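# Summary of the model geometry
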Amino acid sequence: MKFSAQKNYWQFIALSGAIAALVYIAHVIMGGVLWVGYSHVKQTISELTGNGAPDAEMLRIFTLGYGILAVLFSTSLYVLFRKYKVDTIARFGAVLLLIMHTASLVGYGLFPLEQGGEVLTFGNFMHLAITAIVVIATVGALFAIGYGLWLTKNFKGIGVFTLVCAVVIVLAGIATPIVLNYDLPYAGLVERVTVFTLQLWTFVLSLYLYRLPKIIDMEVKRMGLVEVYKEP
């Protein structure tokens, strides 16, 4: 399978994923610094931009920027998967990822967390409902993308990395109800394992897509050498 060595504009758009990950992490760090007494271990990330939180309005600018960049990244993911003829399962995963980021961008903007989430208001109910959609779509997207990449020649390595990230997110997701049920002071920590794993994956895949097809050329040459050594 041969591809042009020249980057197209979708590969540059794919860099929006790396920028989005950095913007998201920056908003978490900045929010924790500005909110005196905030605990990254005990408190959730949503509380930083919840109604009544200090500096919430400013931090929402970061999350809005993150959401737009994430949607652009998801779109570029689908386009580039088609261009490089990645397995259909991965393309389906890219669509799920786009749905997830769109739901997150619109839903969390309309229904920010209220009163730290302690009271089940209509706004908090909708926030939780959107979170459920986001979690399910995220897990489905990563497993589909990972498996589809693994099935595609020259993409197996990034496919394995994606599947590992998906497993970590699932394990953290399983831990979340346990922490909440037993009222353990680790809700923020467990959430950060999930969210930061997603951001790490986004950052890595974004740079991976930007460097295509150079990575593919290197992989082809490497496999060519392997085949030479296999010859009797």
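Look above for the structure.
Since we're looking at a predicted model, the values are computed, not measured. (Residues numbered from 1 in each chain as written. Predicted model: local features only at pLDDT ≥ 70, side-chain atom pairs only at ≥ 80, totals over all residues. Heavy atoms only, no water.)

### Let's talk about the layout of surface pockets
Empty space within the largest pocket amounts to approximately 1600 Å³. Lining the largest pocket are 49 residues, and of these Ser 46, Tyr 108, His 127, Thr 131 and Glu 191 sit closest to its centre. Of all the secondary-structure elements, those providing two or more residues to the lining of the largest pocket are helix 2 (16-34), helix 3 (56-83), helix 4 (88-110), helix 5 (122-151), helix 6 (156-181) and helix 7 (187-211). Looking at the lining of the largest pocket, its residues break down into 24 nonpolar, 19 polar and six charged. (1 Å grid on protein atoms, 1.4 Å probe; cavity = no way out; pocket = protein on both sides within 12 Å on 5 of 7 lines; lining within 4 Å. Points joined across faces, edges and corners; volume = space filled by probe spheres on them. Helix = DSSP H or I, 4+ residues; strand = E, 2+ residues; numbered from the N terminus. Nonpolar A, V, L, I, M, F, W, Y, C, P; charged D, E, K, R; others polar.)

### A look at the environment of Phe 155
In this fold, Phe 155 is placed in the loop between helix 5 and helix 6. Owing to a relative accessible area of 2%, Phe 155 belongs among the buried residues under this scheme. For the pair formed by Phe 155 and Asp 87, sequence separation is 68 residues and the distance between their alpha carbons is 10.0 Å. (Buried < 20%, exposed > 50% of the residue type's maximum accessible area, 1.4 Å probe, protein only.)

### Observations concerning the packing of helix 2 against helix 7
Where helix 2 contacts helix 7, the axes come no closer than 7 Å and their chain directions differ by 150 degrees. Relative to helix 7, helix 2 is oriented roughly antiparallel. By crossing handedness, the relation of helix 2 to helix 7 is classed as left-handed. Across the interface between the two elements, Ser 16, Gly 17, Ala 18, Ala 20, Ala 21, Leu 22, Tyr 24, Ile 25 and Val 28 from helix 2 touch Arg 192, Val 195, Phe 196, Gln 199, Thr 202, Phe 203, Ser 206 and Leu 207 from helix 7. The residue inventory of the contact of helix 2 with helix 7, partitioned by class, reads 11 nonpolar, five polar and one charged. (Axes fitted to C-alpha atoms, helices over the stretch in contact; angles between N-to-C directions. Parallel < 35°, antiparallel > 145°, perpendicular 65-115°, else oblique. Left-handed = near helix turned anticlockwise from the far one by under 90°. Contact = heavy atoms within 4.5 Å.)

### Considerations on the nonpolar core
Leu 77, Phe 81, Phe 155, Trp 201, Leu 205 and Leu 209 are the most contacted members of the largest nonpolar core, which has 30 residues in total. Among the elements of the structure, helix 3, helix 4, helix 5, helix 6 and helix 7 are those that each provide at least two residues to this core. For this core, the leading source of residues is helix 5, giving seven residues. Ranked by size, the runner-up nonpolar core spans 10 residues in total, among them Tyr 24, Val 28, Leu 48 and Ala 70. (Core = buried A, V, L, I, M, F, W, Y, C linked by side-chain atoms within 4.5 Å.)

### Let's talk about unusual backbone geometry
One non-glycine residue, Asp 55, lies in the positive phi region at around 65 degrees. Structurally, the position occupied by Asp 55 is in the loop between helix 2 and helix 3.

### What to know about the environment of Thr 202
If you trace the backbone, Thr 202 turns up in helix 7. In this structure Thr 202 comes out as buried when scored by relative accessible area, which is 6%. In sequence terms Thr 202 and Ala 21 are 181 residues apart; their C-alpha atoms lie 6.7 Å from each other. Ignoring any residue separated from it by four or fewer positions in sequence, one finds Thr 202 in contact with Gly 17, Ala 18 and Phe 73. Side-chain polar atoms of Thr 202 contact the backbone oxygen of Leu 198, separated by 2.8 Å. (Polar contact = N/O pair within 3.5 Å; in protein donor to acceptor, adjacent residues only side chain to side chain.)

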